[in-house]
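Below are the chains, spelled out letter by letter.
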There are 2 protein chains.
Amino acid sequence: MSTRQLKLGALTMGVGGPGRHNLWLDPELPADASVNIDWYIDIARQAEAALFDLIFIVDSQFITPGSPPHYLNRLEPLTLLSALAVSTRHIGLVGTLTTSYNEPFNVARRLASLDLISKGRAGWNVVTSGDAGTAGNYGRDEHYDYDTRYGRAREHVQVVQGLWQSWEDDAFVRDRASGRYFDPAKLHALNHKGEHFSVVGPLNLQRSPQGQPVIFQAGDSEQGRELGAAIADVVFTHAPSLEQGQAFYREIKERALRQGRDPEQVLVLPGAEVFVGDSDEQARELERHYHAADHSFEQALLEFGRSFGWHDFSQYELDAPFPAQALEFARSSFFTVAKRITDRAVSEGLSLRQAVQASRQLRPGAFVGSAETVAAKMSEWFEARAVDGFNIYIGHPGQFRRFTEEVVPLLQERGVYRREYPGSTLRENLGLRIPRNLR
Amino acid sequence: MSTRQLKLGALTMGVGGPGRHNLWLDPELPADASVNIDWYIDIARQAEAALFDLIFIVDSQFITPGSPPHYLNRLEPLTLLSALAVSTRHIGLVGTLTTSYNEPFNVARRLASLDLISKGRAGWNVVTSGDAGTAGNYGRDEHYDYDTRYGRAREHVQVVQGLWQSWEDDAFVRDRASGRYFDPAKLHALNHKGEHFSVVGPLNLQRSPQGQPVIFQAGDSEQGRELGAAIADVVFTHAPSLEQGQAFYREIKERALRQGRDPEQVLVLPGAEVFVGDSDEQARELERHYHAADHSFEQALLEFGRSFGWHDFSQYELDAPFPAQALEFARSSFFTVAKRITDRAVSEGLSLRQAVQASRQLRPGAFVGSAETVAAKMSEWFEARAVDGFNIYIGHPGQFRRFTEEVVPLLQERGVYRREYPGSTLRENLGLRIPRNLR
Ligand SMILES: Cc1cc2nc3c(=O)[nH]c(=O)nc-3n(C[C@H](O)[C@H](O)[C@H](O)COP(=O)(O)O)c2cc1C
Ligand SMILES: Cc1cc2nc3c(=O)[nH]c(=O)nc-3n(C[C@H](O)[C@H](O)[C@H](O)COP(=O)(O)O)c2cc1C
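Analysis parameters
- Residues numbered from 1 in each chain as written.
- Chains lettered and ligands numbered in written order.
- Predicted model: local features only at pLDDT ≥ 70, side-chain atom pairs only at ≥ 80, totals over all residues.
- Heavy atoms only, no water.
- Axes fitted to C-alpha atoms, helices over the stretch in contact; angles between N-to-C directions.
- Helix = DSSP H or I, 4+ residues; strand = E, 2+ residues; numbered from the N terminus.
- Parallel < 35°, antiparallel > 145°, perpendicular 65-115°, else oblique.
- Left-handed = near helix turned anticlockwise from the far one by under 90°.
- Contact = heavy atoms within 4.5 Å.
- Nonpolar A, V, L, I, M, F, W, Y, C, P; charged D, E, K, R; others polar.
- Salt bridge = Lys/Arg side-chain N within 4 Å of Asp/Glu carboxyl O.
- Polar contact = N/O pair within 3.5 Å; in protein donor to acceptor, adjacent residues only side chain to side chain.
- UniProt positions renumbered as here; feature names shortened; annotations may be inferred.
- 1 Å grid on protein atoms, 1.4 Å probe; cavity = no way out; pocket = protein on both sides within 12 Å on 5 of 7 lines; lining within 4 Å.
- Buried < 20%, exposed > 50% of the residue type's maximum accessible area, 1.4 Å probe, protein only.
- Pairing = 2+ DSSP bridges.
- Right-handed = clockwise from strand over helix to strand, strands pointing away.

1. Overview of the packing of helix H3 (residues 77-85) of chain A against helix H3 (residues 77-85) of chain B
Turning to step 1, where the next piece is worked out: Running from N to C, H3(A) and H3(B) point in directions that differ by 45 degrees, and their axes come no closer than 7 Å. On the basis of the axis angle, H3(A) is oblique to H3(B). Viewed along their axes, H3(A) and H3(B) form a crossing whose handedness is right-handed. Here Thr79(A), Ser82(A) and Ala83(A) of H3(A) lie close against H3(B), whose contacting residues are Thr79(B), Ser82(B) and Ala83(B).
Turning to step 2, where the next piece is worked out: Classifying every residue of the contact of H3(A) with H3(B) by side-chain character gives two nonpolar, four polar and no charged.

Shown next, in the form of structure tokens:
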């Protein structure tokens, strides 16, 4: 067995209504899955039984009538994860919280609380929010521009991590014999005064068994990658192919090294869609079948606008050349994705209709085949250092069961995946060091 | 059995270290109770077994070396309550969130999530924060003055309740046969633009089985009482005597009536400290015994400063007349309490030492005696309409057990307390109507 081990996350996607695959039509999925705590608990326990490292909750604080169904009606990530914390024992609990519309003091407290409640299993997916309309829910006319978003993100994380060091590890003595409860000398204010935040501290929470929650990061621009290399324990991304995965993997580790970090302590975890069948052919059949249930082209066109700040593409001729000027509307939104789509459309001379079709096929890395094929392909990506593991998209319950019951044992046989949890905290399971308390 | 029934809440206090009663020395209490989720679950289940309406979590986001020990190291209320939601089935879950340092969109989402996770058992204790130093943790040099604090609070609650009406009750059809998931016409933006907040909405969460979380309010100034009468389903307060309780009770109901509300739909729930003994004499003994374990005068002097914005009273002569000029330091802090203390000290000619001693004895309403005596006194207060129920302070585990095992059955025999939960939501149990969705 190699010492380096594949990491697995479970990411619930699109369970809240019509849209991709029209998942909600699957009779095995509760129709109200996106707000159904019993379903989440069930998924978390299934993932835990398969020794997954973590369950990963994405987020958005903005909806329009055109929003992806996943976001129309869903539980706030940390509220959800706290309920999962006491319903599981080993699995990590990673929640997305935006640095653009949350106070660092509140973020620090909520995550530290989850970390204590879960006995050291909390993680924070740091994002800056791509939906420009989010601003309107927080008293702002416009979303922050990229430099401000990422400047805030960097400083935000710094403040939060500073607050997590308010109490030294041995500050709470709690010795009844001597009557000594804590050592006031081991409580430290932060006194942070920066460009975006000023926070006095200290935080009113002790450290957890893993020291601090694990930091994840998702955001793919130059600024996003630099942020990830600087602060992330784990970078969440998409890897369309093994080669692109390898390139991104190398890049993140090099960036981390340049920032003076140990590259082995920065993991890369792309999302992965999996279709397991009895044979490769049957799996492809299944995939086609599910895609046939996809939403209409009109709906796809609407959602296509999301990366461009919910720009209305129905105003353009579908079969004329792609309207490249629309990229301007993506400036404070998902610019990285929008630029990739636009560049491709222009260089390949696609029409709007073709660009929309192409982006529907754009998958975050799909593993389609028999359990043997999927396990072999995942191992290959892992051994080739295209990934340190995968965030598996949970959609169809039957598919997730096939993954945990059929693919996982094969990964174990191949020696790339654990047979038991190596530790009791998320950090231990991911092979990450406990950050020292610097005070 | 009278139809009007006594309400009971469980409020954990001072379990996080030295201070009043030095509770942590009680060998029955885990030394780390304030951050120990297993202890909280245990308490919640005990309270639920005794048919309590709710568990109530107070809060503060500010500590200094002089902070009450209760706040030095404690879980964030809603993160805690979400873990309790899936560990209990009937009991209400009420968390304190300040309107001064939280975005209404985030508050609306987190409480709506808790409400769905608990299947309709969430409550929000609306406060404006009395610790002026909190401002420093949120990028402000000074805490808001009273008018701003309460102006924000009023508008904040209005926005949150508006967001809770984003989706009509029957918006989610989820009919697999027709392929109809939801009705877009039943999703409503808020478009709030006010003095303190502007929030576009809509919220990405459906309504819960109780429609909306129950609103509690705590804050005792003229502005605080007016806010409570305007927006609260339940007012949390202190009642030093039956007569003072009656006066406050009448006042709140009258204020509610003047604001056009049904006074029966605004409950008054003061905190209550309980000491149960085998006899009245033994209970008084017990009380003296616990008080003997109280912290030192020096510590009491420090904590006395809290209401006055953590003003340092050690600079004054202890036996000279009370330094009434200190009241100025309470302006943006707990002014109502500080003024009450100052007025009394001046009118009774107390020294600083006497004022501190008097405030140590100031109790939120203590019920001391045999189980029979306590049950009789509580019933008397309830029948005399001094209260609609009590928020029982949980401290010594043995005392809480005596309350639930000995006092509760007597309250039941007297016909003032339920023998089973009347409903499945907090609103039903409290006898509160489900707010109609106004869209
Ligand atoms: C793989 C991945 C997952 C993401 N997940 C979220 C999310 O759950 N919530 C969110 O607000 N933003 C999410 N983001 C968006 C980023 O936070 C970012 O705001 C957006 O992608 C635009 O920035 P960028 O150009 O740096 O990617 C995600 C981004 C990536 C690449
Ligand atoms: C019974 C009671 C309980 C309170 N609980 C809290 C609390 O848990 N957290 C908090 O920040 N403020 C709490 N407050 C404080 C109020 O929010 C308010 O800021 C403070 O009391 C000063 O305002 P006032 O003069 O209107 O009372 C409480 C007040 C009362 C009367």
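Back to the text.
2. Remarks on the interface of chain B and chain A
Turning to step 1, where the next piece is worked out: Each partner contributes residues to the interface: chain B has 69 residues there, and chain A has 69 residues.
Turning to step 2, where the next piece is worked out: Linking chain B to chain A there are four salt bridges.
Turning to step 3, where the next piece is worked out: One salt bridge in this structure joins Lys119(B) and Asp38(A), with 3.1 Å as the shortest N-O distance.
Turning to step 4, where the next piece is worked out: Across the contact surface, chain B and chain A share 39 residue pairs in polar contact (both at pLDDT 80 or more).
Turning to step 5, where the next piece is worked out: Breaking the side of chain B that touches chain A down by element, the ones donating at least two residues are helix H1 (37-49), helix H2 (69-72), H3, helix H4 (104-117), strand E5 (172-175), strand E6 (180-182) and strand E8 (198-199) of chain B.
Turning to step 6, where the next piece is worked out: Here the element with the most residues in the side of chain B that touches chain A is H4(B); it accounts for eight residues.

3. Focus on the UniProt feature "binding site: FMN" (unreviewed entry) in chain A
All names here are of chain A.
Turning to step 1, where the next piece is worked out: If you check UniProt for "binding site: FMN" (unreviewed entry), the listed places come out as Asp-59, Thr-96, Tyr-150 and Ser-221 in our numbering. Checked against the lining of the largest cavity, the annotated residues reduce to Asp-59 and Thr-96.
Turning to step 2, where the next piece is worked out: Inspection of the secondary structure assignment puts Thr-96 in strand E3 (residues 92-98).
Turning to step 3, where the next piece is worked out: Accessibility expressed as a relative area gives 4% for Thr-96, which makes it buried.
Turning to step 4, where the next piece is worked out: When neighbours within four sequence positions are excluded, Thr-96 is seen to be in contact with Phe-56, Ile-57, Val-58, Asp-59, Pro-77, Asn-125 and Val-127.

4. Here's the deal with the pairing of strand E11 (residues 267-277) of chain A
Residues and elements named next belong to chain A.
Turning to step 1, where the next piece is worked out: In terms of residue burial, E11 counts as a mostly covered element, since eleven of its eleven residues are buried.
Turning to step 2, where the next piece is worked out: The side-chain alternation of E11 yields two buried faces, one formed by Leu-267, Leu-269, Gly-271, Glu-273, Phe-275 and Gly-277 and the other by Val-268, Pro-270, Ala-272, Val-274 and Val-276.
Turning to step 3, where the next piece is worked out: Bridge count between strand E10 (residues 234-238) and E11: five bridges; the pairing is parallel. From the neighbouring strand, Val-235 faces E11, where its bridge partner is Val-268.
Turning to step 4, where the next piece is worked out: Chirality of the crossover, the property in question, places the unit of E10, helix H7 (residues 242-258) and E11 among those that are right-handed.
Turning to step 5, where the next piece is worked out: Looking at chain direction, E11 and strand E13 (residues 389-394) are connected through two bridges and run parallel.

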